[in-house]
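Below are the chains, spelled out letter by letter.
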Amino acid sequence: MRIAPTLEGGLRIDPETPDDWLILHAILLDANGAEPDLAEQLGGMVTHERLAEDWQDIVVPDLRESFSDSLYHIQAVIDTAAALPKDSVCPIWITREESLNWYSALNQARLALEKKYGLGSYSESDPANISPIRHEALIRSQFYCALQSLLLRHSL
């Protein structure tokens, strides 16, 4: 997969192999894999009794909708590009206006992977000492982090 900045302040992603398409689709799978969802988790961090109730009633539904909208947006972009014939170039364009949706989706995926696998303690570990499933999750998380860094540098 090649990722490059555009002159307009966005990114162009060129998936080159079937594995590249799998990791792009994994963003959505990973982001949707947390239970409770991220909005609920964030709401659970508010411990003041009165504030917690208001947060759950007012903020959590809006957060959930915002997170869901970002995932829906990037799913449509990835699915549209993936549907193009593979004998031609199928770039994914991330414009400056779409960057926040991508950043949000990648963040949701990274947080879900961290919650599920506790990757923070594995980032410096020898891959031979990590189970294959955790190792794959760590690689995806590192890819998501690198893509977020590119978004921050070139689009946001």
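Below: a short report on this structure. Bear in mind the structure is a predicted one, so any value in this text is a computation, not a measurement.

Cut-offs used in this document
- Residues numbered from 1 in each chain as written.
- Predicted model: local features only at pLDDT ≥ 70, side-chain atom pairs only at ≥ 80, totals over all residues.
- Heavy atoms only, no water.
- Axes fitted to C-alpha atoms, helices over the stretch in contact; angles between N-to-C directions.
- Helix = DSSP H or I, 4+ residues; strand = E, 2+ residues; numbered from the N terminus.
- Parallel < 35°, antiparallel > 145°, perpendicular 65-115°, else oblique.
- Left-handed = near helix turned anticlockwise from the far one by under 90°.
- Contact = heavy atoms within 4.5 Å.
- Pairing = 2+ DSSP bridges.

This brings us to the packing of helix H1 (residues 18–31) against helix H3 (residues 49–82). Direction vectors running N to C along H1 and H3 enclose 160°, while the axes themselves pass 10 Å from each other. By the angle between their directions, the pair H1 and H3 is classed as roughly antiparallel. For the element pair H1 and H3, the recorded crossing hand is left-handed. Between H1 and H3, the contacting residues are Trp21, Leu24, His25, Ile27, Leu28 and Ala31 on the first element and Leu71, Ile74, Gln75, Ile78, Asp79, Ala81 and Ala82 on the second.

What follows deals with the pairing of strand S2 (residues 11–14). Summarising the sheet, strand S1 (residues 2–5) and S2 pair through four bridges and their orientation is antiparallel. Considered in S2, the bridge of arginine 2 is made with aspartate 14. Linking S1 to S2, which pair antiparallel, is a turn of five residues; within it glycine 9 sits at a positive phi near 95°. Strand direction decides the pairing type here: S2 and strand S3 (residues 92–94), joined by three bridges, are antiparallel. Residue pairing for S3: leucine 11 is matched across the bridge by isoleucine 94.

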